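Next come the chains, spelled out residue by residue.
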Amino acid sequence: MVVTQENVAVNGSRRLSPQEIADVLRERIRVGDLRAGDRLPTQAELADEFGVERGAVRQALRALQDDGLLTDVTKGSPPRIAEPASSGPEEPQPTMVGLAPRLTAAFSVPHVRIDAACLTAESLIPALAEPLRLIHGGQLKPARIDVRILLPSRDISLAFPVPVDGRGDDDPVHQRWLAMRNAQGHVLRHNLQTLRSHGIDVSITFRALPFTPPVKLYLLNGQEALMAYYMVTRREESTDTGTLDMYDVLGTESLLFSFEKAAGQRDAAFVEESQKWFDALWETITTDLTLS
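The notes below deal with the structure included here. Quantities reported herein were computed from a predicted structural model and do not represent experimental measurements. (Residues numbered from 1 in each chain as written. Predicted model: local features only at pLDDT ≥ 70, side-chain atom pairs only at ≥ 80, totals over all residues. Heavy atoms only, no water.)

1. As for empty space enclosed by the protein
- One pass over the full model with this rule turns up one cavity of 30 Å³ or more.
- Considering only enclosed or pocket space, the largest cavity measures out at about 40 Å³ in volume.
- Along the walls of the largest cavity sit Leu103, Phe107, Ile114, Leu124, Leu128, Val147, Leu188 and Leu192, which together make up its complete lining.
- For the lining of the largest cavity, the residue count by class is eight nonpolar, no polar and no charged. (1 Å grid on protein atoms, 1.4 Å probe; cavity = no way out; pocket = protein on both sides within 12 Å on 5 of 7 lines; lining within 4 Å. Points joined across faces, edges and corners; volume = space filled by probe spheres on them. Nonpolar A, V, L, I, M, F, W, Y, C, P; charged D, E, K, R; others polar.)

2. Some remarks on a nonpolar patch on the surface
- On the surface, Tyr229, Met231, Leu255 and Phe257 cluster together to form a nonpolar patch covering roughly 400 Å² of accessible area.
- Given the relative accessible area of 43%, Tyr229 is considered partly exposed. (Patch = residues over 30% accessible without salt bridge, like charges linked within 9 Å, V, L, I, M, F, W, Y side chains within 5 Å. Areas by Shrake-Rupley, 256 points an atom, 1.4 Å probe, with all protein chains shown as cover. Salt bridge = Lys/Arg side-chain N within 4 Å of Asp/Glu carboxyl O. Buried < 20%, exposed > 50% of the residue type's maximum accessible area, 1.4 Å probe, protein only.)

3. Section: the pairing of strand 12 (residues 255-260)
- Pairing geometry for strand 3 (residues 93-94) and strand 12, over two bridges, is antiparallel. When the bridges of strand 12 are listed, Gln93 appears paired with Leu256.
- In this sheet, strand 12 lies alongside strand 9 (residues 224-229) in antiparallel orientation, the contact comprising four bridges. Following the sheet pairing, Leu226 is matched in strand 12 by Ser258. (Pairing = 2+ DSSP bridges. Helix = DSSP H or I, 4+ residues; strand = E, 2+ residues; numbered from the N terminus.)

4. Observations regarding the packing of helix 3 (residues 43-50) against helix 4 (residues 54-66)
- Direction vectors running N to C along helix 3 and helix 4 enclose 110 degrees, while the axes themselves pass 9 Å from each other. Between helix 3 and helix 4, the interaxial angle falls into the category roughly perpendicular. Between helix 3, through Gln43, Ala44, Leu46 and Ala47, and helix 4, the contact on the second element is made entirely by Arg54, Val57, Arg58 and Leu61.
- Per-class residue counts for the contact of helix 3 with helix 4 are five nonpolar, one polar and two charged. (Axes fitted to C-alpha atoms, helices over the stretch in contact; angles between N-to-C directions. Parallel < 35°, antiparallel > 145°, perpendicular 65-115°, else oblique. Contact = heavy atoms within 4.5 Å.)

5. Some points on the environment of Gly55
- Relative to the helices and strands, Gly55 resides in helix 4.
- With 37 residues separating them along the chain, Gly55 and Pro18 place their C-alpha atoms 8.6 Å apart.

6. Details of unusual backbone geometry
- In this structure, the amide linkage connecting Phe160 to the following residue, Pro161, adopts the cis form with an omega of -5 degrees.
- One can find Pro161 in the loop between strand 5 (144-152) and strand 6 (162-163).

7. Details of the sheet that holds strand 9
- Taken together, the eight strands give an open sheet; going across it, the order is 3-12-9-8-4-5-7-13, and neighbouring strands pair in mixed fashion. At either margin of the open sheet sits one strand with a lone partner, and together these are strand 3 and strand 13 (287-288).
- As judged from the four bridges shared by strand 4 (residues 111-117) and strand 8 (residues 215-220), these two strands associate in the antiparallel manner. Each residue of the ladder has a partner; that of Ile114, found in strand 8, is Leu220.
- With respect to the sheet, helix 9 (residues 265-283) is in contact with strand 4, strand 5, strand 7 (201-209), strand 8, strand 9 and strand 12, its orientation differing from that of strand 5 by roughly 70 degrees.

Here it is in structure tokens:
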């Protein structure tokens, strides 16, 4: 007879560690012995099965909850096996690819809340095309849409984009960025306001950041946070007045990382802290932004 870890623990030769208990339960979930929605045995029953104290069982259950495999881990009723995550890309994808399906899913609720902190609205405009198409086509019908956008102030010295040779009295790189910020903001506002023709209550507000955001952040309905790093690179761009040699970012190509409240304790903490960070900026050091 092959002696398993469980047999060893029950026979008293060695007590399993919380990690080993978690690994046994994780394997049962993987092979389907425990299915989504099933309740685990009580902590007392698990402690008896594995020959350990209840404290070791509680540590194992918390580890499984942190991994998003359990829900309702409390001192009361036994926890349930969590539903497998059904949204968000398994692997990070470029912002242009990953943002659109997440926004479409976010627009399926009655009250849509989108918060974004970014350098421009370059990624938001194409990503919103599909949910807007579905609303105009009647497939989606939210009752209310609230969108808040944080963009850098026109009056600050941006960390990027900047000329490679440094700023002068007339900074064409800054003027190019400002024109993009304003034009894209106007397009975003117009596209969302067209939804009012369907009886949807739409609010879109911009505020100005006093610094250059090092990352782009999207918060969807308070349930999901999407974040991508702005990767700075040197590039050239031809204009009517010459070639701009600058340090810039290619935001649409930045890998987008998804964090969901339903995915576990660590993801939930990231979403909650990101929302607090955004709200604090919105209510304190940011200022009114005019798209002109």
